[in-house]
Amino acid sequence: MVDALGVAVVGFGWMGRVHTQAYARVPHHFPQLTVRPELVTVAEEVPGRAAEAAERYGFATATRDWRDIAADPRVRAVSITAPNFLHREIGVAMAEAGKHIWIEKPVGLSVDDARAVAHAVAEAGVQGAVGFNYRNAPAVEAARELIASGDIGTVTHVRVRLFSDYAAHPDGALTWRYERERGGSGVLGDLASHGADLARHLLGDITSLTADTAIFVPERARPTGATAGHTLATGGELGPVENEDYVNCLLRFASGARGVLEACRVSVGEQNNYGFEVHGTRGAVFWDFRRMNELGVSRGTTYQDQPVSTVYVGPGAGEYGAFQPGAANSMGYDDLKVVEAYRFLRSVAEGTPHGATLKDAVHSAAVLDAMTRSAQSGAWAKVTA
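About the criteria used
Residues numbered from 1 in each chain as written. Predicted model: local features only at pLDDT ≥ 70, side-chain atom pairs only at ≥ 80, totals over all residues. Heavy atoms only, no water. Buried < 20%, exposed > 50% of the residue type's maximum accessible area, 1.4 Å probe, protein only. Helix = DSSP H or I, 4+ residues; strand = E, 2+ residues; numbered from the N terminus. Contact = heavy atoms within 4.5 Å. Axes fitted to C-alpha atoms, helices over the stretch in contact; angles between N-to-C directions. Parallel < 35°, antiparallel > 145°, perpendicular 65-115°, else oblique. Nonpolar A, V, L, I, M, F, W, Y, C, P; charged D, E, K, R; others polar. Expected span 1.5 Å × (residues − 1). Pairing = 2+ DSSP bridges. Phe/Tyr/Trp six-rings, centres within 6.5 Å; stacked < 30°, edge-to-face > 60°.

Looking at helix H4 (residues 87-96), one finds that the buried residues are His-87, Ile-90, Gly-91, Val-92, Met-94 and Ala-95. Residues of H4 that are buried sit in contact with strand E1 (3-10), helix H3 (67-70), strand E4 (77-80), strand E5 (100-103) and helix H5 (111-124). Gly-98 sits one or two positions beyond H4 and adopts a positive phi of about 85 degrees.

Dropping the structure here:
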């Protein structure tokens, strides 16, 4: 028996489209699901964008006011892909209205925002999923199992990197992403939030850190119209970039392991250079998002001059088998969001969390909060989730 589940999307920029497409693909890749998403309504305040989304993707209705979705009895689950400053208000309202929520990271502008949404979800007894998509890569799941098994010995240190050029162009428009009031942090929320989640997902809780941040493009032109993604703007009034372009951070884990997390949004020559290297007392494991379905693995008893092998993940790793029949067939970014949608919908169907939850969002936000405090004080900061 398969039940229809009315879903809605709030915010229809690029990520809203990604969520919508994931809902459409879920039944094809995961036919065992006992719920099937039905696109009920989409909310977007930019004039005409919601109606266009409804026509293109098949939503039954469209609105410019997300509050209409909170009051809509047809909707049981909501994707929240609106700008960061709206996450807390929308997330809390949807949970209080009895809607399950799939919300993008970072959940709000601060750890307090993330806690507020997590509390609302818990109080309402609904499910809450968070968009930490990189942990859904089958190779990352294989790496986590390898680390947990002790195959590389006791983990000693990790390096997590997230370098991109999406904000490198000096003519990039001064959108809400660069404002403290609406965007909150800069590269901390955009990229380091993923890094914090990956590090914790692989190695356990982060207890303390010290961080340094910098703004390398201090001014940008204000856009003259509606924007989506990372558009360019020339000729507009210049305004200040208020949040960081770059962060580097030293981490200490509860296990005793050490780490380095580095993220930048203005790295010319880097396109989605995301990955990690985890070292242990007997080996190491390496992952690069641009070669998403591969792992570099070193293990054995040689220690010095021990070789590294390339492992192509296959159907035994994570949800790989739902997409490809054999190892070394490629998966892509959008597939990770389909996995995320599946785990969210499975959580709704079974009443048990699967995948990244609001608890994970709170932990990531606590790391970002500690980074901010450390960068301001120049001292080590404790991570308190």
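Attention now goes to the packing of helix H6 (residues 138-149) against helix H8 (residues 187-203). With their axes 8 Å apart at the nearest point, H6 and H8 run at an angle of 40 degrees to one another. Accordingly, the angle class assigned to the pair H6 and H8 is oblique. Contacts between H6 and H8 involve Val-140, Arg-144 and Ile-147 from the former and Leu-198, His-201, Leu-202 and Leu-203 from the latter. When the residues that make up the contact of H6 with H8 are grouped by side-chain class, the tally is five nonpolar, one polar and one charged.

Attention shifts here to H6. For an α-helix the count is 3.6 residues per turn, leaving residues at separations of three or four pointing the same way. In this model H6 runs 16 Å from its N-terminal to its C-terminal C-alpha over 12 residues, within 8% of the 16 Å that 1.5 Å per residue would give. Residues of H6 that are buried: Pro-138, Ala-139, Val-140, Glu-141, Ala-143, Leu-146 and Ile-147. The inward-facing, buried residues of H6 contact strand E7 (155-163), H8, strand E13 (273-280), strand E14 (283-288), strand E15 (294-299) and helix H9 (333-350).

Note on placement: Ser-208 falls in strand E8 (residues 206-214). Those residues within four positions of Ser-208 in sequence are excluded, and the remaining contacts are Leu-250, Leu-251, Arg-252, Trp-380, Ala-381, Lys-382 and Val-383.

What follows deals with the sheet that holds E1. The strand order across the open sheet formed by six strands is E3-E2-E1-E4-E5-E6, and the pairing between neighbours is parallel. A single partner strand is all that each edge strand has here, and the edge strands are strand E3 (61-63) and strand E6 (128-130). With strand direction ignored, the average angle separating the axes of adjacent strands in the sheet is 25 degrees. Bridge analysis of strand E2 (residues 35-43) against E3 gives three bridges, and the strand direction is parallel. Directly across from Val-42, in E3, lies its bridge partner Ala-62.

A separate point is the pairing of E7. Note that E7 and E13 share eight bridges and pair antiparallel. The partner of Val-155 across the bridge, within E13, is Gly-280. Pairing of E7 with strand E12 (residues 258-264), which is carried by seven bridges, proceeds in the parallel orientation. Residue Arg-159 lies in a different strand from E12, and its bridge partner there is Val-260.

Turning next to the sheet that holds E7. Pairing between the strands of a sheet comes from backbone hydrogen bonds, and it takes one of two forms, parallel or antiparallel. Spatial ordering of the open sheet is given by E16-E15-E14-E13-E7-E12-E11-E8-E17, a layout of nine strands whose pairing is mixed. Two strands lie at the open edges of the sheet, namely strand E16 (309-312) and strand E17 (381-382), each paired on one side alone. The pairing of E8 with strand E11 (residues 246-253) spans eight bridges and is classified as antiparallel. Bridging from a neighbouring strand, Leu-209 pairs with Leu-251 of E11. Contacts between H8 and the sheet are confined to E7, E8, E11, E12, E13 and E14, with E12 contributing the most and set at about 155 degrees to the helix. The strands touched by helix H10 (residues 358-377) within the sheet are E8, E11, E12 and E17, with E8 carrying the most contacts at an inclination of about 55 degrees.

As a further point, take the packing of aromatic side chains. Scanning the model with the defined rule gives 15 aromatic pairs in all. Judged by centre distance (6.0 Å) and plane angle (45 degrees), the rings of Trp-102 and Phe-344 are tilted. You can see Trp-102 sitting in strand E5 and its partner Phe-344 sitting in helix H9, a full 242 residues away along the chain. With a relative accessible area of 0%, Trp-102 lands in the buried category. Owing to a relative accessible area of 1%, Phe-344 belongs among the buried residues under this scheme. Here Tyr-134 and Phe-289 contribute two aromatic rings whose centre-to-centre distance is 5.1 Å and whose plane-to-plane angle is 80 degrees, an arrangement assigned as edge-to-face. Within this pair, whereas Tyr-134 is found in the loop between E6 and H6, its partner Phe-289 is found in the loop between E14 and E15, the two being separated by 155 residues in sequence. The class for Tyr-134 is buried, based on a relative accessible area of 8%. By relative accessible area, Phe-289 is classed as buried at 12%.

Along the chain, the position of Thr-41 falls in strand E2. Filtering out sequence-adjacent residues up to four positions away, Thr-41 remains in contact with Val-7, Ala-8, Val-9, Phe-59, Thr-61, Ala-62, Thr-63, Ile-69, Asp-72, Arg-74 and Val-75.

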